[in-house]
Structures are given as C-alpha cells and as structure tokens.
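Next come the chains, spelled out residue by residue.
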Amino acid sequence: MQLLPAAQSLEGQIIEYIQTRKTVELDALAAEFGLKVADVIKKVQGLEAEQKLTGIMDDRGKFIYISRGELEAVAEAITSRGRIAIAELAQLSTRLIDLNPRVVEGEVSLDDVGLDGTEEAVAA
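Description of the structure in this document. Model, not experiment: these values are computed from the prediction.

To continue, consider the overall build of the protein. The helix and strand inventory of the protein stands at five helices and three strands. Sorting the 124 residues of the protein into buried and exposed places 23% on the buried side. For the protein, contacts bridging at least 24 residues in sequence account for 41% of all contacts bridging at least 6.

Structure follows, in structure tokens:
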C-alpha cells in the first residue's frame, strides 16, 4: 500500500516532531497534528513496526525516542559485560541515551528561560 503525499508528509512531520523532542506526551502529539490520541498511538506503533522510529511507549501516555545508535550502544555495553544487574542497566542507559530535546528553530527551551520566565542569553 502506497501512502498519498499528504500522508507521507504527516508521517515525516510526526517522526521529526518525536525525534526532535525525544520525550513526547502522546496527547500533546495528537493535539499538535489534530489527531485523536488513539490514532497517534496506532501511528507510532506502526512507525515502530516499520522500523522508521525506535523508542519506548509507557503506560502513562509518553513516547521516549531512542535512536538506533543509542540502542546499539546499550546492546554493545550489555554484550561486553555479560550479566548485568537492573540497577547497572539503568545507570548505563542514563549515560548512553540522551533525553535532551534538540533545539527547534523558533522555540525557546527551558534552559533559555530564567526563573522569572524571561529569556536569558545562553553561552554556546
């Protein structure tokens, strides 16, 4: 089944939105694209099945994007160590998986905003 250009565009926009933000509330994603949450869940699961997106969907309505490189780094670390405790795995994952959103042009990140809500200059 081939997708129509509009569907391809929507799919690409959803992938970019998720990859840019790294952690996405599924209801916010649905609102952003004017979709129902159930449709967004199906879309994300479909993108995962097609291997166009990798990550974890939790039971609280969040999707955490994990790049293939990050997954491979975790798998390699586990393989090289052999047996690994869950606490060690959590620590390892925290080090190898970057959950910080990428900068989106025209958006202000929380790091750019001071405690009083005003924008601050951030040294690069």
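Applying the stated rule across the entire model yields six salt bridges. The partner of Arg 60 in a salt bridge is Asp 58, and the shortest N-O contact between them spans 3.3 Å. For Glu 88, the salt bridge identified is with Arg 81, shortest N-O distance 2.9 Å. By relative accessible area, which is 32% here, Glu 88 ends up partly exposed.

The next thing to look at is the sheet that holds strand E2 (residues 55–57). Across the sheet, which stays open at both edges, the three strands sit in the order E1-E3-E2 with antiparallel pairing between neighbours. A strand with exactly one partner marks an edge of an open sheet, and here the two such strands are strand E1 (23–25) and E2. Adjacent strand axes in the sheet meet at a mean angle of 15°, parallel and antiparallel pairs treated alike. In the sheet, E2 pairs with strand E3 (residues 62–65) via three bridges, with the strands oriented antiparallel. Within E3, the position partnered with Gly 55 by the bridge is Tyr 65. Sitting on the sheet, helix H3 (residues 37–49) is in contact with E2 and E3, with an inclination near 150° to E2.

Attention shifts here to the pairing of E3. Within a regular strand, side chains alternate between the sheet's two faces. In E3, alternate side chains face the same way, and those of Phe 63 and Tyr 65 are buried while those of Lys 62 and Ile 64 on the opposite face are not. Examined bridge by bridge, E1 and E3 share three bridges and lie antiparallel to one another. Looking across to E3, one finds that Thr 23 is bridged to Ile 64.

Here we take up unusual backbone geometry. Here Lys 22, not a glycine, exhibits a phi torsion of approximately 70°, which is positive. Within the secondary structure, Lys 22 sits in the loop between helix H1 (5–21) and E1. With a phi angle near 60°, Gln 51 is a residue other than glycine that sits in the positive phi range. Within the secondary structure, Gln 51 sits in the loop between H3 and E2.

In this section: the packing of helix H2 (residues 26–33) against H3. Where H2 contacts H3, the two axes come as close as 9 Å, and the packing angle between them is 100°. Of the possible angle classes, the one that applies to H2 and H3 is roughly perpendicular. Contacts from Leu 26, Asp 27, Leu 29 and Ala 30 in H2 reach Val 37, Val 40, Ile 41 and Val 44 in H3.

This next bit is on the nonpolar core. Counting residues in hydrophobic clusters, the biggest one holds 15 residues, and the most contacted among them are Ile 18, Leu 29, Val 44, Leu 53 and Phe 63. Of all the secondary structure elements, the ones that give two or more residues to this core are H1, H2, H3 and E3.

If you walk through the whole model with that rule in mind, you get one aromatic pair. Here Tyr 17 and Phe 33 contribute two aromatic rings whose centre-to-centre distance is 5.6 Å and whose plane-to-plane angle is 75°, an arrangement assigned as edge-to-face. Placement of the pair is Tyr 17 in helix H1 and Phe 33 in helix H2, with a sequence separation of 16 residues. Each member of the pair, Tyr 17 as well as Phe 33, is classed as buried. Above the face of the Tyr 17 ring, Arg 21 is positioned so that its terminal group lies 3.8 Å from the ring centre.

Rules of the game
- Residues numbered from 1 in each chain as written.
- Predicted model: local features only at pLDDT ≥ 70, side-chain atom pairs only at ≥ 80, totals over all residues.
- Heavy atoms only, no water.
- Helix = DSSP H or I, 4+ residues; strand = E, 2+ residues; numbered from the N terminus.
- Buried < 20%, exposed > 50% of the residue type's maximum accessible area, 1.4 Å probe, protein only.
- Contact = heavy atoms within 4.5 Å.
- Salt bridge = Lys/Arg side-chain N within 4 Å of Asp/Glu carboxyl O.
- Pairing = 2+ DSSP bridges.
- Axes fitted to C-alpha atoms, helices over the stretch in contact; angles between N-to-C directions.
- Parallel < 35°, antiparallel > 145°, perpendicular 65-115°, else oblique.
- Core = buried A, V, L, I, M, F, W, Y, C linked by side-chain atoms within 4.5 Å.
- Phe/Tyr/Trp six-rings, centres within 6.5 Å; stacked < 30°, edge-to-face > 60°.
- Lys NZ or Arg CZ within 6 Å of the ring centre and 35° of its normal.

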